[in-house]
Amino acid sequence: MNTLRPSIASPGRRRLCAGLALGVLPAAAAAFRPPQALAALPTQLAAGQPLLAIARAGSRIVAAGPRGHIVWSDDDGGHWTQASVPVSSDLLALSFPSAQRGWAVGHGGVVLHSNDGGSTWTRQLGGHEANALAQRHFESRAAGDAQAARLLQREKAQGADGSTPSFLDVHFDSDNAGFVVGTFNRILRTDDGGRTWTPWMDRTDNPQDLHFYAVRGSARGMFLAGEQGMVWRLAPRGERFEAVATPYKGTLFGLVATDAGTLLAYGMRGRLFRSDDEGRRWQAVAGVGTAGITAGTALPGGAIVLVDQAGGIALSRDGGQSFVPVPALQPMPYFGVSALGAQRIGLVGAAGVRVQTIAFDQIR
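Throughout, residues of each chain are indexed from 1 in the direction in which the sequence is written. Residues qualify for local features only when their pLDDT is at least 70, as the model is predicted, and side-chain atom pairs are given and counted only at 80 or more; totals for whole chains, interfaces and linings, by contrast, use all residues. Hydrogens and waters are ignored; side-chain quantities use all the structure's heavy atoms.

Novice: Explanation requested: the packing of helix H3 (residues 127-139) against helix H4 (residues 146-161) in the structure shown.
Specialist: Two quantities define a packed helix pair, namely the angle between the axes and the distance from one axis to the other. Interaxial angle, 0 to 180 degrees, is taken between N-to-C directions of lines fitted to C-alpha atoms, where a helix line uses only the stretch in contact. Numbering of helices and strands runs from the N terminus; a helix is a DSSP stretch of H or I covering at least four residues, while a strand is a stretch of E covering at least two. Following both chains from N to C, one finds H3 and H4 inclined at 150°, their axes separated by 9 Å at the closest point. Here H3 lies roughly antiparallel to H4, going by the angle between them. In this structure, H3 meets H4 at a crossing whose hand is left-handed. Contact residues: H3 offers Asn131, Ala134, Gln135, Phe138 and Glu139, while H4 offers Ala148, Leu151, Leu152, Glu155, Lys156, Gln158 and Gly159. Geometric relationships in this document are graded by angle, where less than 35 degrees denotes roughly parallel, more than 145 denotes roughly antiparallel, 65 to 115 denotes roughly perpendicular, and other angles denote oblique. In this scheme the handedness of a crossing depends on how the near helix is turned from the far one: anticlockwise by less than a right angle means left-handed, clockwise means right-handed. In this description, contact between two residues means that some pair of their heavy atoms is separated by no more than 4.5 Å.

Novice: In this structure, what is going on with the pairing of strand E2 (residues 60-64)? I would like to understand it.
Specialist: Two faces make up the sheet, and in a regular strand the side chains alternate between them. For the exposure calls, accessible area comes from a 1.4 Å probe over protein chains only, and a residue counts as buried if that area is under 20% of its type's maximum, exposed if over 50%, partly exposed in between. Among the 5 residues in E2, 5 count as buried, and that is most of the element. Of the two faces of E2, the one carrying Arg60, Val62 and Ala64 and the one carrying Ile61 and Ala63 are both buried. Here strand E1 (residues 53-57) pairs with E2 via 5 bridges, running antiparallel. What sits directly across from Arg56, in E2, is Ile61. We treat two strands as partners when DSSP finds at least two bridges between them. In this antiparallel pair of consecutive strands, E1 and E2, the connection spans 2 residues, and Gly58 shows a positive phi of 65°. Note that E2 and strand E3 (residues 70-73) share 4 bridges and pair antiparallel. Each residue of the ladder has a partner; that of Ala64, found in E3, is Ile70. As consecutive antiparallel partners, E2 and E3 are separated by 5 residues, and within that stretch Arg67 has a phi angle of approximately 60°, a positive value.

Novice: Would you mind going over the side chain of Glu155 with me for this structure?
Specialist: Within the secondary structure, Glu155 sits in helix H4. Reaching out from Glu155, the side chain makes a polar contact with the side chain of Arg186 at a distance of 2.7 Å. Each polar contact in these results corresponds to two N or O atoms within 3.5 Å; when the atoms are within protein, one needs to be able to donate a hydrogen and the other to accept it, and residues that are neighboring in sequence are counted only if both atoms are side-chain atoms.

Novice: In this structure, what is going on with the packing of aromatic side chains? I would like to understand it.
Specialist: Where two aromatic rings form a pair, the distance of their centres and the angle of their planes describe that pair. Only Phe, Tyr and Trp rings are paired, with Trp represented by its six-membered ring, and only when their centres lie within 6.5 Å; those with planes under 30 degrees apart are stacked, over 60 edge-to-face, the remainder tilted. Within this structure, the stated rule accounts for 9 aromatic pairs. Put simply, the rings of Trp103, Phe172 and Trp197 pair up and form one aromatic cluster. A cation sits over an aromatic face here: Arg60 above Trp72, 3.8 Å from the ring centre. In this scheme, the term charge over a ring applies when either NZ of a lysine or CZ of an arginine sits within 6 Å of the ring centre and within 35 degrees of the ring normal. Arg203 extends its terminal NZ or CZ atom over the ring of Trp200, reaching a point 4.5 Å from the ring centre.

Novice: Can you help me understand the sheet that holds strand E25 (residues 334-339) in this one?
Specialist: Strands belonging to one sheet form pairs held by backbone hydrogen bonds; the direction of such a pair is parallel or antiparallel. Spatial ordering of the open sheet is given by E25-E26-E27, a layout of 3 strands whose pairing is antiparallel. Looking at which strands have only one partner, the edges of the open sheet turn out to be E25 and strand E27 (352-357). Adjacent strand axes in the sheet meet at a mean angle of 25° when their direction is disregarded. Inspection of the sheet shows E25 paired to strand E26 (residues 344-349) by 5 bridges, in the antiparallel sense. Within E26, the residue paired with Tyr334 across the bridge is Gly349.

Novice: Would you take a moment to explain unusual backbone geometry for this structure?
Specialist: Backbone phi values are negative for most residues with the exception of glycine, while trans is the configuration of most peptide bonds. One non-glycine residue, Arg269, lies in positive phi territory at about 55°. Here Glu278, not a glycine, exhibits a phi torsion of approximately 60°, which is positive. Tracing the backbone through its elements, the reader meets Glu278 in the loop between strand E19 (272-275) and strand E20 (283-284).

Distances and angles like these do not, on their own, reveal function.
Put into structure tokens, the structure is as follows:
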């Protein structure tokens with residue numbers, strides 16, 4: 001959408017410049033409220049505008065994206081309803097461990113929660129609250145712990161300049177237990193459905209404070225992926241994320257972790273790597289194109305689907321060892337994909353949300 005801009009000589013522009021020069025802001029500017037404090041505006045176009053995340057909540061489909069927009073459908077994408085959301089921050093990821101309870105995270109360090117399948121949302125956490133929580137956590141152990149002391153100083157510095165690390169992904173194993181992860185090694189854990197959160201920044205082998213782009217779990221374990229080709233695996237006792245390097249040094253955007261033991265890590269320029277031993281060894285997987293892979297999911301029947309920034313859809317029916325292209329019914333740059341059935345997927349991207357059936361018998 002194009003926006004007309006006033007010329008520098010316009011009266012409104014001159015008044016703004018004069019106010020800035022005198023240190024006096026116009027009333028509208030003085031009343032500025034950040035996106036975390038403003039509810040998402042209702043619009044009938046939300047389902048057709050860019051969306052970044054999609055999830056299944058029982059039989060319902062839920063999608064989220066910029067400006068706090070969340071939409072849901074109970075008729076397989078035939079009709080969409082906009083949810084009531086208390087923030088207008090960009091929302092980047094969704095997780096529904098059950099049909100009714102779900103979480104959404106995004107810019108400004110927001111963590112949202114729904115108890116009604118995504119129809120309405122409440123804010124559980126914000127960036128400044130997460131910062132204060134981390135400061136209290138590390139203050140209690142900084143005296144005898146050099147790592148805690150370093151993390152405390154970083155949290156204080158962030159609090160002083162007003163910055164708020166963003167949460168980039170969320171994963172809940174159950175209605176109570178889950179992780180939220182994000183920029184600069186930000187990771188929090190809850191075991192009571194988000195009523196309380198525990199910082200885990202001191203429980204990651206991440207001394208460079210690399211960004212975490214993804215958190216995924218399966219029956220075989222819990223994993224993180226992020227910058228510089230790094231993957232982290234939750235240690236068997238569940239107390240720490242251990243670093244496991246991949247053959248790649250670029251950014252990894254996400255993971256697919258299956259209960260059968262397949263672990264896929266994907267990222268820029270179509271880079272895809274597969275492990276069948278929880279990240280100890282990796283093999284490069286070819287045949288998925290050269291566009292950045294943005295999302296992936298495992299279907300109930302065992303197939304795996306990946307999508308990319310160029311509108312490509314790729315399918316594997318051999319545990320991620322090889323992939324073949326799937327014709328897209330309405331192609332667009334894709335940002336997210338979710339399994340809706342053994343051969344049905346939900347897609348979100350630059351033009352909103354789509355639902356598509358994959359005809360396995362027509363794909364070779």
